[in-house]
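# Report on the structure
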There are 2 protein chains.
Amino acid sequence: MSLPSTLLEQAVQAFSQLPGIGKKTALRLVLHLLKQDPKQVEFLVESVKKMRTEIKFCRRCHNISDGDVCSICSNSSRKQECICVVESIRDVIAIESTSQYNGTYHVLGGVISPLDGVGPDQLQIDSLIDRVQKEYTEEIIFALNPTIQGDTTIYYLQKKLTASGEKSLRFTTIARGIAFGGELEYADEMTLARSIQNRLPIEKYISK
Amino acid sequence: MSLPSTLLEQAVQAFSQLPGIGKKTALRLVLHLLKQDPKQVEFLVESVKKMRTEIKFCRRCHNISDGDVCSICSNSSRKQECICVVESIRDVIAIESTSQYNGTYHVLGGVISPLDGVGPDQLQIDSLIDRVQKEYTEEIIFALNPTIQGDTTIYYLQKKLTASGEKSLRFTTIARGIAFGGELEYADEMTLARSIQNRLPIEKYISK
């Protein structure tokens, strides 16, 4: 696809670097921007620039934040003694959108994966241990993806946190099982087997 | 979906104004940019800004251009006496990518559509007539989309151009018919009927 202008070509090139956006989609977006009011384009450009240069990460939980400490960590009505350990900021947003969790988070920034060259040092593990030692913590909820890397990370973190001397700490993970709306016959064997092993008393199910 | 930062929210808001990009995709794009090198984000931002403010339109054919006259209009090896009338810049790019056309273009900027409030005055029709009167032109190829609006525009343009006094002008449209790889039974009746009416001598088909 040859384009009639190098300026256009550069903009298309820049857009097609984004995930899930190919050259054709990039061209559609750029031609759309070309028809827009310059003010609207300025808004896009400025908000991206500002976001990249001015955004901060909470120094306590490493979530995205406008200030030094994020709105969740600084909210006294949330259970500060409960920490939900997640892989990325997207997981925080996903859990927050359920409105079912009222504790705090700790964003690891990934999971331990030796094959990808990600060791414990690249993740926010030391700051989690530090946080648990300095602040009163009751429960650590592991909300990591159910992969080998996720499970390894849970195992590693649990050992480290137990070794750090906190006796009263309770470790939990989010429930695994058949999704609502999912069909039994299409569930993989692992999920089905685990969901039978970890079955719930019926009262717990109904109370939900 | 509530986001933990207003800067993030603004960037997501800006991206979700783009066509075909919803809030979830916008969030994915923005979080991707957040992980990127600031230089790469700067490249995206600058190229969009530059594209919107510095891009020009060819004053002869209204195609996108880096200068006053586009690379197609200023190319003396292309047939300047043949004008392909298209609706938008995207159509120029589509036809150019076939490498089968060696004439020039004229971008109307839309088609006549009274229901959408688009009359002949909003389109680059006067400049086309002006161009045909001033320059030697042999053929006008209408490559508009086969809609009622497209056909109306062709009819209007043909009348106007004929009235403008050019006697030797030849009018053509691109061929309509069953697409290559298309199946007869799934073609709509209109297309099939027209493709029978406008059937080709077999030699023409084979020589392609």
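In the block above lies the structure referred to throughout.
What comes next concerns the included structure.

Parameters and conventions
In this numbering scheme, every chain counts its residues from 1 along its sequence in written order. Key to labels: chains lettered from A, ligands numbered from 1, both in the order written. Only residues with pLDDT of at least 70 get local features here, since the model is predicted, and only at 80 or more are side-chain atom pairs given and counted; chain-wide, interface and lining totals rely on the full set of residues. Runs of E in the DSSP output that reach at least two residues are strands. Runs of H or I that reach at least four are helices, and both are numbered from the N terminus. Throughout, radius of gyration means the C-alpha value; the globule benchmark is 2.2 Å times the number of residues raised to the power 0.38. A residue is called partly exposed when the number of other C-beta atoms within 10 Å of its own lies between 12 and 20, exposed at 12 or fewer, and buried at 20 or more, with C-beta atoms placed from the backbone. The contact criterion used is a C-beta to C-beta distance within 7 Å, with each C-beta placed from the backbone. Least squares is used to superpose the copies, and the fit set is the C-alpha atoms of residues whose pLDDT is at least 70 in both copies. A strand pair is defined by DSSP finding two or more bridges across the two strands. Only the stretch in contact is used when fitting a helix axis, every axis being a line fitted to C-alpha atoms; angles between N-to-C directions are given from 0 to 180 degrees.

## Thoughts on the overall build of chain A
- Within chain A, the secondary structure is distributed over eight helices and six strands.
- Along chain A, helices (α) and strands (β) appear in the sequence α-α-α-β-β-β-α-β-α-β-α-β-α-α when read from the amino end.
- Its C-alpha radius of gyration of 22 Å places chain A more than 25% over the 17 Å reference for a compact globule of 208 residues.
- Counting only C-alpha atoms, chain A reaches 65 × 45 × 40 Å along its principal axes.
- Looking at chain A residue by residue over its 208 residues, the buried ones come to 26%.
- Sequence-distant contacts in chain A: of pairs separated by 6 or more residues, those separated by 24 or more amount to 45%.

## Some thoughts on the interface of chain B and chain A
- Counting residues at the interface gives 47 residues for chain B and 47 residues for chain A.
- Sorting the residues of the side of chain B that touches chain A by element identifies α1 (6-15), α2 (23-35), α3 (38-54), β2 (64-65) and α4 (89-96) of chain B as the ones contributing at least two each.
- No other element matches α3 of chain B, which puts 13 residues into the side of chain B that touches chain A.

## Re the relation of the copies chain B and chain A
- If you rotate chain B by 180° and push it 0.0 Å along the axis, it lands on chain A with an RMSD of 0.1 Å. Such a combination of rotation and displacement between the chain copies is what one expects of a two-fold axis. Considering only C-alpha atoms, the residue of chain B closest to the rotation axis is Val45 of chain B, which sits at 2.7 Å.
- A shared binding surface is used by both copies, with 100% of the interface residues of chain B retained as interface residues in chain A.

## Examining the sheet that holds strand β6 (residues 170-173) of chain B
Residue and element names in this part refer to chain B.
- Spatial strand order, β4-β3-β5-β6: four strands in an open sheet with parallel pairing. Of all strands in the sheet, those with a lone pairing partner are β4 (103-107) and β6, marking the two edges. Ignoring strand direction, the axes of neighbouring strands in this sheet form an average angle of 25°.
- Pairing of strand β3 (residues 79-86) with β4, which is carried by five bridges, proceeds in the parallel orientation. When the sheet's bridge partners are listed, Cys84 is paired in β4 with Tyr105.

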